[in-house]
There are 2 protein chains.
Amino acid sequence: MSETLSATTSINETDWLEAVKWNQDGLVAAIAQDYQTDRILMMAWMNRESLALTSEKKEAVYFSRSRQSLWHKGESSGHTQIVHEIRLDCDADVIVLKVEQLGGIACHTGRESCFYRVLTEDSPQKQWQSVDDVIKNPDEIYGKTK
Amino acid sequence: MSETLSATTSINETDWLEAVKWNQDGLVAAIAQDYQTDRILMMAWMNRESLALTSEKKEAVYFSRSRQSLWHKGESSGHTQIVHEIRLDCDADVIVLKVEQLGGIACHTGRESCFYRVLTEDSPQKQWQSVDDVIKNPDEIYGKTK
């Protein structure tokens, strides 16, 4: 995938990318939100190339900090995010993507959203409680050998 | 404010705070979302103390990276965020707060949301276009001397 992606990044329209305030690692936080329900699905990071590609392809391309490489969301799972809108915040250091989440699953745990744990105050003490269903077993999404 | 806040942080319920994966600076990203409309209002950062206080007070308390101090949202503007729900993501390194935004203004520019700029593809080239109205002049919010 990287070769295909890299070949497409020779764009001239760079002003909008220069307006982004990249952090010391050259990254910006990117929040993906369902374009219809506005549910927050996930937060990941983008470098300059991944944001350019996201805008060009209209599909979310993040930058994996653990792998230090471009991460075209859905490349393994098929759960691509079709991008309907890209917003930038006042400090120019956070992006919001309004996306159509293919498969209805954004999280690697097989849930719609990565934010499936709620802080509850039930006794004896506060805890993070999983409140959302797993839609599809991750083994089925990624294959059992992974 | 800091004195008042610090005095309240001697909580024993620490397990839920230890479940959070704090970054190398001891921070976690926190996204605030309107509890009724689900509009994303802002993203900021929290340290352990600010998250504990947020949970305790049911008001958003962030950590200002520029000032390196606790930031009780609304302390200057009056635009406090009443917290209705706190969620944690699968990697335990991002928080979502469902908040009631007092004054209807989260952004220091006087807008409802910090994400008021949309990437447009109008000619001659892509640009970040402001699309949301200023509800209240920042001078009126913070005072002209600021």
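Residues numbered from 1 in each chain as written. Chains lettered and ligands numbered in written order. Predicted model: local features only at pLDDT ≥ 70, side-chain atom pairs only at ≥ 80, totals over all residues. Heavy atoms only, no water.

Formally: UniProt positions are given in the numbering used here, feature names are shortened, and annotations may be inferred rather than shown by experiment.
As recorded in an unreviewed UniProt entry, chain A goes by the name Phosphoribosyl-AMP cyclohydrolase, listed as coming from Marinibactrum halimedae. Regarding chain A, the UniProt comment filed under Subcellular location (unreviewed entry) reads as follows: "Cytoplasm". The Function (unreviewed entry) comment attached to chain A in UniProt states, word for word, "Catalyzes the hydrolysis of the adenine ring of phosphoribosyl-AMP."

What to know about the overall build of chain A
Where we set the bar: Segments assigned H or I by DSSP are reported as helices when at least four residues long, segments assigned E as strands when at least two residues long, and all are numbered from the N terminus. When checking whether two residues touch, look at their non-hydrogen atoms; a contact exists if any pair is within 4.5 Å. Values of accessible area rely on a 1.4 Å probe in the Shrake-Rupley scheme; residue burial ignores everything except the protein chains shown.
The number of helices and strands found in chain A is four helices and eight strands. Helices (α) and strands (β) of chain A occur, in sequence order from the N terminus, as α-α-β-β-α-β-β-β-β-β-β-α. Across chain A, every contact between residues at least 6 apart in sequence was considered, and the portion connecting residues at least 24 apart equals 46%. As displayed, chain A has an accessible area near 7,000 Å², and 43% of this comes from carbon and sulfur atoms.

Focus on the relation of the copies chain B and chain A
Here is the rule we go by: Only residues with pLDDT of at least 70 in both copies count here: their C-alpha atoms drive the least-squares fit that superposes the copies.
Note on the identical chains: chain B maps onto chain A by a rotation of 180° and an axial translation of 0.0 Å, with an RMSD of 0.0 Å. A rotation of that kind, with that shift, is consistent with a two-fold axis. Relative to the rotation axis, the closest C-alpha in chain B is found at Asp-38 of chain B, a distance of 2.9 Å. Interface residue correspondence from chain B to chain A reaches 100%, placing this contact among same-surface, isologous pairings.

So, the pairing of strand β7 (residues 117–120) of chain B
Heads up, the rule is: Only protein chains enter the accessibility calculation, which uses a 1.4 Å probe; a residue whose area is less than 20% of its type maximum is buried, one above 50% is exposed, and one in between is partly exposed. Pairing between strands is defined by DSSP: at least two bridges between them are needed.
Along β7 of chain B, one buried face is formed by Arg-117 and Leu-119 of chain B and the opposite face, lined by Val-118 and Thr-120 of chain B, is buried too. Inspection of the sheet shows strand β5 (residues 81–88) of chain A paired to β7 of chain B by two bridges, in the antiparallel sense. Along β7 of chain B, the bridge assignment pairs Leu-88 of chain A with Arg-117 of chain B.

Quick notes on the pairing of strand β3 (residues 61–64) of chain B
The alternating pattern of β3 of chain B places Val-61 and Phe-63 of chain B and Tyr-62 and Ser-64 of chain B on opposite faces, both of which are buried. Counting the residues that bridge the hairpin from β3 of chain B to strand β4 (residues 69–72) of chain B gives four residues, and of these Gln-68 of chain B lies at a positive phi of roughly 55°.

What to know about the UniProt feature "domain: Phosphoribosyl-AMP cyclohydrolase" (unreviewed entry) in chain A
UniProt feature "domain: Phosphoribosyl-AMP cyclohydrolase" (unreviewed entry): in the numbering of this structure it lies at residues 42–116 of chain A. Secondary structure across residues 42–116 of chain A divides into 13% helix and 40% strand, with the first and last C-alpha atoms of the span separated by 10 Å.

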